[in-house]
Amino acid sequence: MPARRTAESECALSDTHGTLLMVAVTIILAALVLLMVLAMIPSWSWMEPADPPIVITEIAHTSKATGEFTRASRIVLLNNGSTAYENDGLKAIFYKNGQKVCTVQTLNGYRLIPSHHYGVKTLGGEGCRNSHWNPGEELELDLTDHTFYPGIQVTVEIMEKQTGKIISKHSMRA
């Protein structure tokens, strides 16, 4: 068959359009590959890690009544996170220089039975007055005197009793 000649009105700029289309597709593919590679690289940050949801804000060694140094072992915890916890579903485990000292079986002030066997005298603060420990509320544990003394490392683990999962761990030098 003889080749047919095209009229001027049927002519297209396929070379130019094809080149532009290939450049656009290449740029889109390169952007997608770059996004995938950046998603795989861990984000390095110069900032320190965020605080755990429950932190120790104070360890007091003085008597509330007299102000004298008595190794009172009062610890103030703060719900620093954004979650309201059911305080009866939590327990606190305290460590002194890495060794377990005592376990507080509930953080609900109405359900706590103070006993020298557990190492806790009283539980107070906003966080234990109702059924939930809300963000920004503090909880004060008055442990048996001489439990903690200045200079030691105090660690608290807050654990969900039902699951056994540690939801927060924080350390502070007394």
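Look up a bit, the structure's there.
First, a word on what this report is: a plain description of the structure on this page. (Residues numbered from 1 in each chain as written. Predicted model: local features only at pLDDT ≥ 70, side-chain atom pairs only at ≥ 80, totals over all residues. Heavy atoms only, no water.)

Here we look at the environment of glutamate 137
1) Next: Along the chain, glutamate 137 falls in the loop between β7 (132-133) and β8 (138-143).
2) Next: Placed 59 residues apart in sequence, glutamate 137 and leucine 78 show a C-alpha to C-alpha distance of 5.9 Å.
3) Next: Not counting residues within four places of it along the chain, the set of residues in contact with glutamate 137 comprises Leu77, Leu78, Asn79, Glu126, Gly127 and His132. (Helix = DSSP H or I, 4+ residues; strand = E, 2+ residues; numbered from the N terminus. Contact = heavy atoms within 4.5 Å.)

Some details on the sheet that holds strand β5 (residues 99-104)
Pairing between the strands of a sheet is mediated by backbone hydrogen bonds and can be parallel or antiparallel.
1) Next: Here we have 4 strands laid out as an open sheet, ordered β5-β4-β9-β10, and antiparallel in their pairing. The open sheet has two edge strands, β5 and β10 (166-173), and neither has a second partner. Taking the axes of each pair of neighbouring strands and ignoring which way they run, one obtains an average angle of 20° across the sheet.
2) Next: Alignment of strand β4 (residues 90-96) against β5, held across 5 bridges, turns out to be antiparallel. (Pairing = 2+ DSSP bridges. Axes fitted to C-alpha atoms, helices over the stretch in contact; angles between N-to-C directions.)

Considering the environment of threonine 155
1) Next: Considering the arrangement of structural elements, one finds threonine 155 in strand β9 (residues 153-160).
2) Next: Here the alpha-carbon distance between threonine 155 and lysine 96, two residues 59 residues apart in the chain, equals 6.6 Å.
3) Next: Each residue touching threonine 155, except ones within four places of it in the same chain, is listed here: Ile93, Phe94, Tyr95, Lys169, His170 and Ser171.
4) Next: Polar contacts involving the side chain of threonine 155 include one to the side chain of serine 171, which spans 2.7 Å. (Polar contact = N/O pair within 3.5 Å; in protein donor to acceptor, adjacent residues only side chain to side chain.)

Re the pattern of salt bridges
1) Next: Counted according to the given criterion, the structure contains 4 salt bridges.
2) Next: Between glutamate 140 and arginine 74 there is a salt bridge, with its nearest N and O atoms 3.5 Å apart. Of this pair, glutamate 140 sits in strand β8 while arginine 74 sits in strand β2 (residues 69-79), and the two are 66 residues apart along the sequence.
3) Next: Here arginine 74 falls in the buried class, since its relative accessible area comes to 11%.
4) Next: Across the pair lysine 161 and aspartate 88 runs a salt bridge whose closest N-O atoms are separated by 3.8 Å. Taken together, the residues span a long stretch of sequence, with lysine 161 in the loop between β9 and β10 and aspartate 88 in the loop between β3 (85-86) and β4 at a distance of 73 residues.
5) Next: Under the relative-accessibility criterion, lysine 161 is labelled partly exposed at 35%.
6) Next: By relative accessible area, aspartate 88 is classed as partly exposed at 22%.
7) Next: By sharing partners, the salt bridges in this structure join Asp88, Arg111 and Lys161 into a single network. (Salt bridge = Lys/Arg side-chain N within 4 Å of Asp/Glu carboxyl O. Buried < 20%, exposed > 50% of the residue type's maximum accessible area, 1.4 Å probe, protein only.)

Quick notes on the sheet that holds strand β1 (residues 54-62)
1) Next: Spatially, the 4 strands line up as an open sheet ordered β1-β2-β8-β6, and their pairing is antiparallel. Each end of this open sheet is capped by a strand with a single partner; those strands are β1 and β6 (120-124). Strand after strand, the sheet turns through a mean of 20° between neighbouring axes, direction not considered.
2) Next: Pairing analysis gives 7 bridges linking β1 to β2, with the strands arranged antiparallel.

On their own, these measurements won't tell you what the molecule is for.
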